[in-house]
Structures are given as structure tokens and as C-alpha cells.
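So the chains spell out like this:
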Amino acid sequence: MKYYIGIDLGGTNIKAGVVNEEFEIIAKATCKTNLPRPAEEICEDMAKVALEAVKNAGLEIEQIESVGIGTPGTANSDTGVIEYSNNLGFLNFHVVDLMKKFIDKPCYVENDANAAAYGEYVAGAAKGANDTVCITLGTGVGGGIIINGKIYSGFNFAGAEIGHTVIDPNGPQCTCGRHGCFEVFSSATGLVRMTKEAMFEDKDSIMWKMNEEDGKVSARTAFNAMRAGDKAGKEVVDKYIKYLACGITNTINIFQPDILCIGGGVCNEGDPLLLPLKELVAKEVYTKNSEKNTEIVIAKLGNDAGIIGAAFLGLSHKK
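Every value quoted in this text rests on a predicted model; they were computed, and no experiment measured them.

A. The sheet that holds strand β1 (residues 3–9), seen in detail. Strand order in this open sheet of five strands is β3-β2-β1-β4-β8, and the pairing throughout is mixed. Sheet topology places β3 (25–32) and β8 (107–111) at the edges, where each strand pairs with a single neighbour. Going from strand to strand, the sheet's axes swing by 20 degrees on average, the running direction of each strand aside. With five bridges joining them, β1 and strand β4 (residues 64–71) adopt parallel strand pairing.

B. Highlighting the packing of helix α5 (residues 188–201) against helix α8 (residues 231–255). α8 packs onto α5 with a crossing angle of 145 degrees between their chain directions and a minimal axis gap of 10 Å. Here α5 runs over α8; the crossing is right-handed. Contacts from Leu191, Met194, Thr195, Glu197 and Ala198 in α5 reach Val236, Lys239, Tyr240 and Tyr243 in α8.

C. The pattern of salt bridges, seen in detail. A complete count under the given rule lists nine salt bridges for this structure. Measuring nitrogen to oxygen at the nearest pair gives 3.9 Å for the salt bridge that ties Asp8 to Lys15. Given a relative accessible area of 16%, Asp8 falls into the buried group. A salt bridge links Lys283 to Glu279, with the nearest nitrogen and oxygen atoms 3.7 Å apart. Of the two residues, Lys283 and Glu279 both sit in helix α9 (residues 271–284), four residues apart, roughly one turn of that helix. Owing to a relative accessible area of 56%, Lys283 belongs among the exposed residues under this scheme. Its relative accessible area of 49% is what places Glu279 among the partly exposed residues.

D. Representation of the pairing of β3 within the structure. With seven bridges connecting them, strand β2 (residues 13–20) and β3 associate as antiparallel partners. Within β3, the position partnered with Ala16 by the bridge is Ala29. Once β2 ends, the chain turns through four residues before running back antiparallel as β3, passing Phe23 with a positive phi of about 70 degrees.

E. Quick peek at the nonpolar core. Counting residues in hydrophobic clusters, the biggest one holds 46 residues, and the most contacted among them are Ile135, Tyr240, Ile248 and Leu277. At ten residues, the largest contribution of residues to this core is made by α8. Sequence-distant contacts of Ile248, defined by excluding residues within four places in its chain, comprise Ile135, Phe182, Leu260, Ile262, Leu277, Val281 and Ile296. Membership of the second largest hydrophobic core comes to 33 residues, among which are Val49, Ala75, Phe90 and Leu98.

F. Geometry of the sheet that holds strand β7 (residues 90–93). One open sheet holds the three strands; their spatial order is β5-β6-β7, and the pairing between them is antiparallel. Edge positions in the open sheet fall to β5 (74–76) and β7, since each of these has one partner strand only. Neighbour-to-neighbour, the strand axes of the sheet open up by a mean angle of 15 degrees, direction not taken into account.

G. Spotlight on the pairing of β2. Burial of β2 is extensive: six of the eight residues sit out of reach of the surface. Pairing between β1 and β2: seven bridges, direction antiparallel. Bridge pairing in β2 links Gly6 to Gly17. Hairpin connection between β1 and β2: a loop of three residues separates the two successive antiparallel strands.

Thresholds, definitions, all that
Residues numbered from 1 in each chain as written. Predicted model: local features only at pLDDT ≥ 70, side-chain atom pairs only at ≥ 80, totals over all residues. Heavy atoms only, no water. Pairing = 2+ DSSP bridges. Helix = DSSP H or I, 4+ residues; strand = E, 2+ residues; numbered from the N terminus. Axes fitted to C-alpha atoms, helices over the stretch in contact; angles between N-to-C directions. Left-handed = near helix turned anticlockwise from the far one by under 90°. Contact = heavy atoms within 4.5 Å. Salt bridge = Lys/Arg side-chain N within 4 Å of Asp/Glu carboxyl O. Buried < 20%, exposed > 50% of the residue type's maximum accessible area, 1.4 Å probe, protein only. Core = buried A, V, L, I, M, F, W, Y, C linked by side-chain atoms within 4.5 Å.

The analysis is restricted to geometry; functional conclusions fall outside its scope.
Structure representation (C-alpha cells):
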């Protein structure tokens, strides 16, 4: 049996897992990222957490084939350099060279959304596909593209920024500076914003009571209100799905993947999200008259996608 280390570097936590050749995580370890601090300290902690995961798996480091790192920001997978990560404060950080000083194994680095997409491709909802696009609906809208089994990231390693394609040029301003980005409408953050707007427009909405009970407005509020028969809640959900369908249709029209996989907490809504979404996309997609079309599925691996995908980055590089 062969074993690999996958590291998911986040702004809050550093998570590492030992993954076997059957794509199963057999042990994990984690620590706080504790930002801001020097990149070298963060890399040292990544190595410590990775070695802790190896120990938790009952293995020795000699049994590990390679190490993979998924990181926010622009990661040059050819040079092993994190060229820029505004969340982590990295600028031209030679993470692979430094990691090899702590763990003398082949090491690879990739953008975290790309790593998660690769995880879904090798072991999750997109397993068996030739081409796939994975979209994560979280604080923002992340994207990962797999073409012929290989991660596509563009000539400057900043590809797959699907969330920053514009679907309404007159829409709210995005954090990237543009207006009306897919991310502004289809992220969990965007859903919360639209929910709050609807609440202030309808003071009788049940969402006000839900806000008092939960202590905050969340991405679940509008869906819960819709299920309770609240008109304003249903209008928010319908609006959210309309924008989501628009962005997904655009993505399918460009890439025509076998499978388009969506993940993130919003996807926990299941059929109330997925069924109307599929119906709208089927009506709008350019290939609607074709015998076969892209299959839209919910991600399966959850928070493990990044670890599994990172662990097998070496496989992607060899293709």
C-alpha cells in the first residue's frame, strides 16, 4: 500500500491527512494558522502537522510517497512558489523548497480550490469524468477545472476564477473591484446579503423571527423560511437560484464538462436547491437540444476534498 500526505492550508486552520492509494484518509492532524506571521513559521507548522498525521496513522515518514499542499492564492505548480496570497500575506514564497528541508519527499503545491476539485475528480462526485468543473459556494465562489484528467490553471496559474466572471454589470461591487460578479450573487455571503435586503423590504417576513431565534441571518434563513411558507423567503431562494443557474450555464457553455460539481454549505439544502437549478440550466444551456448534456452533481467529499486532492497532486503532474 502506498501513502501520501495532503495539506490543506487555510486562513484559520492548517489541516493534514495521510491518504492511501485507494483515496482514503487514514489519519489527520490540525493546528491553528495564527495569522499574521512569517511564511517560514507557517511552513514549519505545516511540516509538524503532516508528521503528526503520519504518526497518528501508525506509519513512518519513509513510507510516504509525496507531499501536496493546497493553498489560497496564486500557486505556481511548476516552480513550487506561492506567488501571491492576500489572505496569508505571501509574496513569492518558495514553499516547496522550504518544505523539502523539513520533509525530504517530492512536494507539490496548488491553489486550494484546484486541489479540492482534483479531490472530487479522483475520489468524489466527479470520479470517472474526463473533464469536470467544480464550483464551491462559500464565502466567495471558488472554481477548479480538470481537463483530460489534469488541473487547468492557465499560463499564469490564476485560472478558474469563475466567481469573478460578471453576470450583471450593474450589480453590487465585488471584492475584486468589478461589479456584478458571479460571486456577489451566488456565494453564501451573497445569499445572506439578499436575505437581509428582503427582510428590510418585508417587515412581516418570518425571517425576522428566525433571526431572533438564531441570533443571526445565515445562508439557511431564506430556505428555512421558504419551507415554512414565507413569501419573502421563497423570493430570495428563487432569486438566488436564478443567478446561480446563470453562472453555471455560462460555465457549461464555455467548458462543456462531463460533470459540473457544486459544493459548499449552501449545497446541504439538497433537492430544494438542485432540482430547480437543474431545470433552469436545462432551459438555458446552449446544448439543450443535444442528446447528452453536462451532469450537475453535489460534491461528495466535503472538507476532505482539499486534503485528498492535495495528496495526489503528484499524480496530476505526471499526466
